[in-house]
Amino acid sequence: MADKHPESEEVRVVDRRRFTTEGERRDGIEEPPAPPPVTPPPAAAPAPAASTPAESAQSRDARQAYERQAGRRAKLDFETLIRSFAGTAMLQLGLIEDPVQGRFPPDLDAARETIDLLGLLREKTRGNLTPSEQAFLEDVLYQLRVSYVALTSGPRSGAAKGQ
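Residues numbered from 1 in each chain as written. Predicted model: local features only at pLDDT ≥ 70, side-chain atom pairs only at ≥ 80, totals over all residues. Heavy atoms only, no water.

Draft legend 1. Structural detail: the pattern of salt bridges. Under the defined criterion, the tally for this structure stands at five salt bridges. For Glu-79, the salt bridge goes to Arg-83, with nearest N and O atoms at 3.7 Å. Taken together, the residues span about one helical turn, with Glu-79 and Arg-83 both in helix H2 (residues 78–93) at a distance of four residues. Taking relative accessible area as the criterion, Arg-83 reaches 48% and is therefore assigned partly exposed. Where Arg-122 meets Glu-123, a salt bridge forms, and the shortest distance between an N and an O atom there is 3.1 Å. The class for Arg-122 is buried, based on a relative accessible area of 16%. Accessibility expressed as a relative area gives 41% for Glu-123, which makes it partly exposed. Taken together, the shared-partner salt bridges in this structure form one network comprising Arg-122, Glu-123, Arg-126 and Glu-138. (Salt bridge = Lys/Arg side-chain N within 4 Å of Asp/Glu carboxyl O. Helix = DSSP H or I, 4+ residues; strand = E, 2+ residues; numbered from the N terminus. Buried < 20%, exposed > 50% of the residue type's maximum accessible area, 1.4 Å probe, protein only.)

Draft legend 2. Structural context of a nonpolar patch on the surface. Together, Met-90, Leu-95 and Ile-96 line one region of the surface with nonpolar side chains, adding up to about 200 Å² of accessible area. In this fold, Ile-96 is placed in the loop between H2 and helix H3 (108–124). Exposure remark for Ile-96: the relative accessible area of 31% places this residue in the partly exposed category. (Patch = residues over 30% accessible without salt bridge, like charges linked within 9 Å, V, L, I, M, F, W, Y side chains within 5 Å. Areas by Shrake-Rupley, 256 points an atom, 1.4 Å probe, with all protein chains shown as cover.)

Draft legend 3. Structural context of the environment of Ala-89. Within the secondary structure, Ala-89 is located in helix H2. Along the primary structure Ala-89 and Thr-114 are separated by 25 residues, whereas in three dimensions their C-alpha atoms are 5.8 Å apart. Once you skip the residues sitting within four places of it in the chain, Ala-89 turns out to touch Ala-111, Thr-114, Ile-115 and Leu-144. (Contact = heavy atoms within 4.5 Å.)

The analysis is restricted to geometry; functional conclusions fall outside its scope.
Okay, here's the thing in structure tokens:
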């Protein structure tokens, strides 16, 4: 193969490190430009949630920046969390279609795991929910469990159990 570089071409290496190997400042090296100052969020931004004493300053700053940027577009509460899990379980059970990809074949193992996660959430939040949150969670769990049992014990149960 032919050499792409002519032999007369010289390679020059310039050390641009600001400090020597002994830790002393090098002469003739310019400081990098300072980053632009961070502007505070607009006054209309939601106030960041109070941090816990165990939360590190870095973690708190990251959370506050996320909350400012996210702008709390959607209402986030316990029922939204339960709806998210329930929607996932319904997709896994094959009860609803994905709006983009259409209907998926049921994944009963994944659906059972999602339903079990909701059950775990019910156990871990016992006594800490409002009556309406508790009733909503119980209703969702009941509906998902009935649907799961119907899919696994019906005429198609032989194919479902063989998975």
